[in-house]
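Survey of secondary and tertiary structure
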Protein chains: 2
Amino acid sequence: MEPTQTVEDYVRAIYQLQEGAEDVSTSALAEVMKVAPATVTSMLKKLDQLGYAVYTPYQGVSLTESGRRLALNIVRRHRLVELYLVQALEIPWDRVHEEAHRWEHVISDEVLAKMDEVLGHPERDPHGAPIPGENGSLPATSTVRLSALRSGQRAVVAEVADNVPEMLRYIGNLGLYPDVAIEIIAVAPFDGLVTVRVGERQHIIGQRIARSIFVKDIISTEE
Amino acid sequence: MEPTQTVEDYVRAIYQLQEGAEDVSTSALAEVMKVAPATVTSMLKKLDQLGYAVYTPYQGVSLTESGRRLALNIVRRHRLVELYLVQALEIPWDRVHEEAHRWEHVISDEVLAKMDEVLGHPERDPHGAPIPGENGSLPATSTVRLSALRSGQRAVVAEVADNVPEMLRYIGNLGLYPDVAIEIIAVAPFDGLVTVRVGERQHIIGQRIARSIFVKDIISTEE
DNA sequence: ATTATAATTTAGAGTATTATAACAAAGATG
DNA sequence: CATCTTTGTTATAATACTCTAAATTATAAT
């Protein structure tokens, strides 16, 4: 009955690759799971069997309602743990992902509930990603990539992609955490280098970084 | 290289059954690991292979120095986590064992060190059991079973056996936590029922309980 | 010393997860 | 549209852990 850790991981991975509605491909899964494609194929058959996903050979997978519920539950665990590690144990935000990835399969509901309480029922993890509620609800905010802003616009950092720890550390060093206000000083042509003001400091960031940062509350200040 | 979770569990179990010097039997291990004896046999061969234990067929096992080091490390993780759960997350002391058992295999050294720091480098877990140091040192205290005390003696609770959660809850309800001062009011003949004063309250406990509680700092008050 | 009993080990097999190599389907190209 | 390339799947096998049933060894008892 209880899904294994591996099953949980696959379901979560499918959920996070799904992004909207498209089916997820075997190769995409193989890549994020760091596993051979053939391994994914056999796993997909099993997930279909277990009722977590619908798998059509050569066409990809998508989660069923049951799979979506499971995924949201794991994401909830993951993000709550990440926040707990940052807030209660002062672990740097670029090192909580791996840890949370292991904890998420191991924490009891009782302890998770307690963490949630200690944290004051937070809505977002340290990277600004929404923490699903117990019922599976997701707090939504409309965000835009920093790379889409134009010179002169002000905004607030909403979320930072957390896939690459090194990038996260770099972004953290720039002071670009969620809820930090920024202003676009300039956007250079061709390579799209963005000069951004963060508090007193200014930084020039490239497209790779600019596309990994999501912002909200955009104000166009005509000067 | 990295020992698997299962290997860690076996090594820890052997360590805790060893209690001094005797070899541990297959059936004892099978019981605590909740596994068939045949499973233990094959595992013991593997532990011998890996250098964690010395296994002689039909004679039992004992840990090597390497196995002992591993066991102490796991016990350290387990007990630190138990204390953290009780202190930081207010989980009742009779429910931390299972949780810690899962966490101990999953926590990074970094996070463990932080927990240790937050807790102020404690020497004992919530049940009074010693927490091994990073170097494998064990804080020792000479304790005696409560069942060995005589009427009129005073003492301080040092440690409570934590194998049976229900018993732990019961003992907790009696207020018999580590560091609590007690006085033996009476010991009944035959069944050995012990009347013990804890603060203002008096309780009568049986041998099963009295033998699960260890005390220190015994004072014989001749009245 | 022989036998009965209890403990332990071997043999054979199953589940879950993974991989490699060979084959098949889809999609892209000329 | 025939072919080439990419992507995905089957077949087969390995590893880690577990089990049941049968065989073996140790221990206790006559």
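Residues numbered from 1 in each chain as written. Chains lettered and ligands numbered in written order. Predicted model: local features only at pLDDT ≥ 70, side-chain atom pairs only at ≥ 80, totals over all residues. Heavy atoms only, no water.

1. Some thoughts on the pattern of salt bridges
This structure, assessed with the given rule, holds 24 salt bridges over all chains. In this structure, R102(A) engages E99(A) in a salt bridge whose closest nitrogen and oxygen atoms are separated by 3.4 Å. Residue R102(A) and its partner E99(A) are both found in helix α5 (residues 96–103); the two are separated by three residues, about one turn of the helix. Here D94(B) and R169(B) are joined by a salt bridge, their closest N and O atoms 3.1 Å apart. Taken together, the residues span a long stretch of sequence, with D94(B) in the loop between α4 (65–89) and α5 (96–103) and R169(B) in helix α7 (residues 165–173) at a distance of 75 residues. We classify D94(B) as buried; its relative accessible area is 10%. (Salt bridge = Lys/Arg side-chain N within 4 Å of Asp/Glu carboxyl O. Helix = DSSP H or I, 4+ residues; strand = E, 2+ residues; numbered from the N terminus. Buried < 20%, exposed > 50% of the residue type's maximum accessible area, 1.4 Å probe, protein only.)

2. Concerning α5(B)
Within the span of α5(B), buried status applies to V96(B), E99(B), A100(B) and W103(B). Buried residues along α5(B) cover an arc of 95° about the axis, so they all sit on one side. Here the buried face of α5(B) lies against α5 and α6 (109–118) of chain A together with α4 and α6 (109–118) of chain B. (Arc of directions from axis to C-beta. Contact = heavy atoms within 4.5 Å.)

3. Remarks on the protein's contact with DNA strand C
Around DNA strand C, the structure places 21 residues, and the nearest of them are T4(A), A36(A), T39(A), S27(B) and Y55(B). Sugar and phosphate atoms represent 79% of those atoms of DNA strand C found within 4 Å of the protein. With respect to DNA strand C, the side chain of Y55(B) contributes an N or O atom lying 2.4 Å from a phosphate oxygen. Y58(B) places a main-chain nitrogen or oxygen 2.8 Å from a phosphate oxygen of DNA strand C. When residues of the surface near DNA strand C are traced back to their parent elements, those giving at least two are α1 (5–18) and α3 (37–50) of chain A together with α2 (26–33) and α3 (37–50) of chain B. When residues of the surface near DNA strand C are assigned to their parent elements, the largest contribution, five residues, is made by α3(A). Residue composition of the surface near DNA strand C, by class: 11 nonpolar, eight polar and two charged. (Near = heavy atom within 4 Å. Polar contact = N/O pair within 3.5 Å; in protein donor to acceptor, adjacent residues only side chain to side chain. Nonpolar A, V, L, I, M, F, W, Y, C, P; charged D, E, K, R; others polar.)

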